[in-house]
Amino acid sequence: MVCFRQFGNQHLEEISDNATDHVGEYISHNRVRDLLDLFNIASVSLAWPKIAHDVRTPNCSRHMMEYFRGLAAEKIWAMKMDDASGHYTAGFFYGNNYWMGSINLCSAIANDDAEKVMKFGEGNSGLSSGINYKHDGRRIRNEKSPFVPGFFVIKLLFHMQNLTHVPRTLYIGMCLPSSCSEEDVQAIAKRLNEDKNDLHGQRTTILDVRSPTKKRYEFTSDPTFYILLVTVICVSCLLIAGTIYDLILTQHIKKRAELKAKSKELATDLTAGGLGCITYDLTNVMPNREKNEKSRGLNNNNSDENLAVESLDHQEESLGIFAEMLLSFSVVTNFKAICDSSVGSDTIPSIHGLRAVSMAWVILGHTCIIVFKYSDNMDLRKTVEKEFWFQTISNGAFSVDTFFFISGFLVAYIYFRTNAKGKLEKLSKGVNEVTAGALHFVGLVAYRFMRLTAPYLFVLGCVELLMKYFEQYSVFEPPTMDHANCPKFWWRNVLYINTLFPVEEMCMLWSWYLANDTQFYIIGAVILIVAVRHLRIAAAVVSAIMVSSWAITGLVAYSNNHIPNSDDPLALFDMIYDKPWTRIGPYMIGMCVGWILFRTNCQLRMSRLTVVLGWMMSSAVGLYLIYGLYGQELNKLGGAAYSSLSHSAWALSLAWIIIACSTGHGGYVNTFLSAPCIYPFSRATYCAYLVHPIVIRIMALNSTAPLHLGTDSMMVYFFGQLVCSYLLAFIVSLSFEAPVVTMLKILSPSRKKRI
């Protein structure tokens, strides 16, 4: 045993000595820092004799030589340029693909005042004041940069088998002379990495080079900018004029009311004094606007699904149609209408809660998707995806199914109620059934188009301008190709057919929901018109649509081996996620629920056991769809079945919630969903959906460095996006959505004629 210990100790010492002999070799050749040194200005300087032949711009070659001499002479401006350039630091194996440096420092170098003199110890350090101090304490002036520095972002594909199993797209920010073009920098990077590819066996491909400091795009050179500018000016003038007119008219009404009150008091006093023969007829003193202000406002049915063109019970009015249309731009009236705590007779209060909660869910999902793309720890997503509660985010697609369900429900419920009141018959009186149906269809589609398109077009123009700007000025690439697609394919958005084309050509990616919802609306309008007289035919059509949708979705998922929970939820975006024939199920279910509540007049008697079972089943289905696949692995057939039926199952879960809350069996759930404080956020949901990705992109693309994510920071980002999105949504709603809704009601053909 002793001999074995002595042999073992001697052997360990020999291993330790050998390891010590080779440790320097291991460090020098196997450090990640050395392998990932993909663009180093010192390496460029050494290889410049070979690289210079690839540089086509004469000034670029000359300024690069001056840059090398500045570094050799330890010039502050040259060291600042090197400091402003991106280098590998840490976190490569945790998803750090952005080595951006500092564009702000690079841009500030040219603005440094080389003649500024400061005493030692005053203000900032010598590096920022333009002063350099030698070791002997003497003070010397810094020389100003002999050229204007520019910032370049090199996008390259990196694949080294012993480091990465799959290729990684890396972004490196470099502060170089602005006289160099993107082609020059790309040639430098390409030649620099050729030798490293041969030496280390790594594969580095230069994909693109961008320069955010070139400033090649100006708003003033874009026709879209002037269209938006004229629109904003005109709408602002109308808002100001409408608000002022509203305030003046309101003050006038108050004075008339006071006069009427005083007249009544005077008549009472005179009657008491024996002079009852004196009377005042002031019954028509006040304009009828005061009586009909609420019926003309937004509080009745302010939703993008409202297709009923309701009549306004106008009596003899003192205001002309142009005056009323001007009043539709009143910020005061529209703001009160949006924040009104009451709802119309044709609105189910719990709908407001579902809509507001779903909108917050959508913002949460989109925030996570975008901020993860621009983080320096992107692999954190792989960690948090394994957590149970992250299923709330990864299954956020069901929030859109909620919107589809609500749309279908309101379409059917309001249409049947409007028809039952005889309002639709008045619009097509004296014509045959086919003509009447055609008139109804044209009216409903026209109302929908005008109702949605005004704010949609405005936001679409803003997206085009902002994405063009960020594509040129941001150090990060935009998440989608809106800067290129919107100028070419905006007309698809206006016609609501953009989901019928490849996703690579889509402008304003999140508008897929509006396209699908409008297409469902058109189909639903035809079904409803038929259902008024031929209910069985309509029911058969609805059944056929749902069955075919399930079959197509299952077939696509099965043929593409799509496994929910294992694959990215957006993996088959262009095949399943955004296609109308795969997402129409919840809309059809919503229409069926709308018909049920109409036929029962929201009055259903259910036993306590039925209510309890209903809530248990609804909760079980909803919770399973969100959290049920956690830790589970479906097979190919099971994945196809889940993809096919899950969205409709979610709608069925919502169906019970709406039926229970509408018939007096909602309990605390109905109290929460119907809370008046939720109504303003629900009414602004449409505009919030339009603008919230813009707010998220502005935050991400305005950054000059990648985000570092954690649970706390993610919550801060989410709540910040939620608040900012709704603030902007209220502005857009007051400026575009609310006035259009009011004008459509004023111009409604079902409105009674003036006497």
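Residues numbered from 1 in each chain as written. Predicted model: local features only at pLDDT ≥ 70, side-chain atom pairs only at ≥ 80, totals over all residues. Heavy atoms only, no water.

Peer 1: I keep staring at unusual backbone geometry and nothing clicks. Help me out?
Peer 2: For residues that are not glycine, phi is negative in most cases, and the peptide bond is trans in most cases. Unlike most non-glycine residues, Y496 shows phi in positive territory, near 60°. The residue Y496 is located in the loop between α20 (482-494) and α21 (512-531) in this model. For M508, which is not glycine, the phi dihedral falls at a positive 60°. Here M508 shows up in the loop between α20 and α21. (Helix = DSSP H or I, 4+ residues; strand = E, 2+ residues; numbered from the N terminus.)

Peer 1: What is the right way to look at the pairing of strand β4 (residues 149-159) in this model?
Peer 2: Regular strands have side chains that alternate between both faces of the sheet. The buried fraction of β4 amounts to nine of the eleven residues, a majority that puts the element mostly inside the structure. Sheet analysis places β4 next to strand β6 (residues 203-210), joined by seven bridges and oriented antiparallel. In the strand pairing of β6, F158 is matched with T204. (Buried < 20%, exposed > 50% of the residue type's maximum accessible area, 1.4 Å probe, protein only. Pairing = 2+ DSSP bridges.)

Peer 1: I would appreciate a short explanation of the environment of L722 in the present structure.
Peer 2: With respect to the secondary-structure elements, L722 resides in helix α31 (residues 711-746). Look at L722 and you get buried, because its relative accessible area is 18%. The spacing of L722 and T367 is 355 residues in sequence and 9.4 Å in space, taken between C-alpha atoms.

Peer 1: Sorry, what's going on with the packing of α21 against helix α25 (residues 585-600) here?
Peer 2: Packed helix pairs are characterised by how far apart their axes lie and by the angle those axes make with each other. It is at 11 Å that the axes of α21 and α25 come closest, and there the two elements cross at 40°. Taken together, the axes of α21 and α25 lie oblique to each other. The element α21 and its partner α25 pack so that their crossing is right-handed. Here D517, F520, Y521, G524, I527 and L528 of α21 come into contact with α25, specifically with Y587, M588 and M591. (Axes fitted to C-alpha atoms, helices over the stretch in contact; angles between N-to-C directions. Parallel < 35°, antiparallel > 145°, perpendicular 65-115°, else oblique. Left-handed = near helix turned anticlockwise from the far one by under 90°. Contact = heavy atoms within 4.5 Å.)

Peer 1: Would you mind showing me how to read the pattern of salt bridges here?
Peer 2: Opposite charge on two side chains lets them pair, provided their charged atoms get close. Applying the stated criterion across every chain yields a total of 13 salt bridges. Here R448 and D517 are joined by a salt bridge, their closest N and O atoms 2.7 Å apart. Here R448 is found in helix α19 (residues 433-473), whereas its partner D517 is found in helix α21, with 69 residues between them in sequence. With relative accessibility at 4%, the residue R448 sits in the buried group. Assessed through its relative accessible area of 1%, D517 is described here as buried. The salt bridge partner of K468 is E464, with a shortest N-O separation of 2.9 Å. Of this pair, K468 and E464 both sit in helix α19, four residues apart, which is roughly one turn of that helix. (Salt bridge = Lys/Arg side-chain N within 4 Å of Asp/Glu carboxyl O.)

Peer 1: Explain the confidence of the model for the chain to me, please; I cannot follow it from the model alone.
Peer 2: Low-confidence regions, as indicated by low pLDDT, have predicted coordinates that should not be scrutinised in detail. Mean pLDDT over the chain works out to 82, with 81% of the residues at or above the 70 mark. Throughout residues 18-29 the model reports pLDDT below 50, and contacts reaching past four residues in sequence, or to other chains, amount to four contacts. Contacts for the low-pLDDT stretch residues 114-140, under 50 throughout, to residues beyond four places or in other chains number 39 contacts. (pLDDT = per-residue confidence, 0-100.)

Peer 1: Which parts of the structure should I look at to understand the layout of surface pockets?
Peer 2: Computed from the structure, the second largest pocket encloses a volume of approximately 590 Å³. As for the second largest pocket, its lining consists of 21 residues, and the residues nearest its centre are V357, W361, I626, W650 and I657. Going through the elements one at a time, α14 (349-373), α26 (608-627), α27 (636-662) and α28 (667-673) are the ones with two or more residues in the lining of the second largest pocket. Element by element, the count of residues in the lining of the second largest pocket is highest for α26, at seven residues. (1 Å grid on protein atoms, 1.4 Å probe; cavity = no way out; pocket = protein on both sides within 12 Å on 5 of 7 lines; lining within 4 Å. Points joined across faces, edges and corners; volume = space filled by probe spheres on them.)

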